[in-house]
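# Fold and geometry: a report
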Amino acid sequence: MKHDAKGLLILDILGDGPARVLFVVALAGCGGAGEGGFDRLNNDAATADRDDHAAADLTSPVSDASSGRDAELRDPACPSGHVGRAAAPFEWYEYWGPTSLADGDRVIYDFSILPASDLTLVGGDDDRSYTEFQSYFEAGRVDDYYPIRGAEVTYVEGAWNLVEADFRVASQDCVFRINNVTSQPHPVAEPGFAGIETFRMHVWGGTTYIDSLTVRVAHADETDDVLLEEDFEEIAPSGTGSDVPDSVDPPAGASLPEGC
Ligand SMILES: [Ca+2]
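As a convention, each chain's residues are numbered from 1 in the sequence order in which they are written. The model is predicted, so local features are restricted to residues of pLDDT at least 70 and side-chain atom pairs to those at 80 or more, both for listing and for counting; the totals for chains, interfaces and linings are taken over all residues.

### With respect to the overall build of the protein
So the rule is basically this: Under the DSSP-based scheme used, a helix requires at least four consecutive residues in state H or I and a strand at least two consecutive residues in state E, with every element numbered from the N terminus. Whether a residue is buried, exposed or partly exposed is read from the other C-beta atoms within 10 Å of its own C-beta, which are placed from the backbone; 20 or more gives buried, 12 or fewer gives exposed, and intermediate counts give partly exposed.
Along its length, the protein carries four helices and 13 strands. The buried share among the 260 residues of the protein stands at 46%.

This is the structure in structure tokens:
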């Protein structure tokens with residue numbers, strides 16, 4: 001979907017949705033406190049609460065079976081056709097405006113990613129302008145904080161990886177699912193999020209490829225509202241004037257994850 005179609009998507013949500021008005025966000029990772037737009041992203045601030053979460057056992061991925069989430073999984077977000085190429089320095093930012101979340105809602109990011117960079121962030125801001133939703137990719141490790149704490153879940157460098165980041169309002173935590181390994185729940189950095197209003201992606205030092213990106217709100221009644229959907233077959237300029245990935249053929253020789 002082109003960016004200029006997103007406005008139509010939002011209008012559809014407004015027109016067809018029940019009482020709730022949804023806008024918002026994308027990208028992965030829970031936790032980390034930034035302050036809004038790219039210029040105000042503050043990774044140092046994200047470290048302030050890190051100690052609070054250090055006690056959580058983030059070293060033992062749990063199986064799909066134990067997660068109890070199999071029934072909720074959708075088709076894998078495999079790369080296909082053109083993909084998005086984001087070459088550092090790169091900052092992509094989309095703003096929809098505050099979007100309220102109900103207590104039983106979850107914000108879910110699905111995408112495939114080939115990080116060939118020093119560091120990549122895929123995430124978004126909540127309705128308090130905290131960069132609450134974060135997935136950092138560095139040296140084969142994924143975390144919702146930076147500097148990355150431990151190798152809780154990993155990705156394969158130089159290959160395509162399937163990612164799902166699931167932020168849950170009721171429990172104020174998130175779960176990563178990467179290449180069929182599901183993490184333990186992570187408490188979010190700034191408890192109290194009840195909305196989402198932006199999507200963002202940053203790349204430092206190198207190039208990251210992304211494809212089949214979807215951001216949605218999954219409601220307790222098992223209905224979804226898709227907030228962002230991008231297949232990178234073609235891509236329009238960002239509504240905020242920020243960078244957007246180039247629409248390109250996928251890099252040759254990159255292996256696909258199981259299931260693609
Ligand atoms: Ca594609």
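Structure shown, so let's carry the discussion forward.
### Here's the deal with the confidence of the model for the protein
Spelled out, the test is: A residue's pLDDT is simply how confident the predictor is in it, with values from 0 to 100. Working definition of a contact: two residues with C-beta atoms, positioned from the backbone, lying within 7 Å.
Residue-level pLDDT values for the protein average 76, and 71% of them are 70 or greater. Ignoring residues within four places in sequence, the model shows residues 1–73, a span with pLDDT below 50, making 162 contacts including any to other chains.

### Considerations on the environment of Asp211
With respect to the helices and strands, Asp211 occurs in strand S11 (residues 198–218). Once the C-alpha coordinates of Asp211 and Pro250 are considered, the two residues, 39 residues apart in sequence, prove to be 9.4 Å apart. Not counting the four nearest positions on each side in its chain, Asp211 is found in contact with Pro79, Ser80, Val83, Gly84, Ser112, Asp231 and Phe232.

### Points about unusual backbone geometry
The omega torsion of the bond from Ala88 to Pro89 falls at -5°, within 30 degrees of zero and hence cis. When you line up the elements, Pro89 lands in the loop between strand S1 (83–87) and strand S2 (90–95). Here the bond from Tyr146 into Pro147 is cis, since omega is 0°, no more than 30 degrees from zero. Mapped onto the secondary structure, Pro147 falls in the loop between strand S5 (141–143) and strand S6 (153–154). In this structure, Asn180 takes a positive phi of about 70° despite not being glycine. For Asn180, the location among the structural elements is in the loop between strand S8 (173–178) and strand S9 (181–182). The backbone of Glu222 shows a phi angle near 70°, a positive value even though the residue is not glycine. Note that Glu222 resides in the loop between S11 and strand S12 (224–230).

### Examining the nonpolar core
Threshold: What makes a nonpolar core is a set of buried Ala, Val, Leu, Ile, Met, Phe, Trp, Tyr and Cys residues, with links drawn between C-beta atoms within 7 Å.
Core analysis: the biggest nonpolar cluster contains 48 residues, and Val107, Phe111, Val142, Ile178 and Ile210 have the highest contact counts within it. Within the residue set of this core, elements represented by two or more residues are S1, S2, strand S3 (106–124), strand S4 (133–138), strand S7 (161–168), S8, S11 and S12. Per element, the largest residue contribution to this core is nine residues, and it comes from S3.

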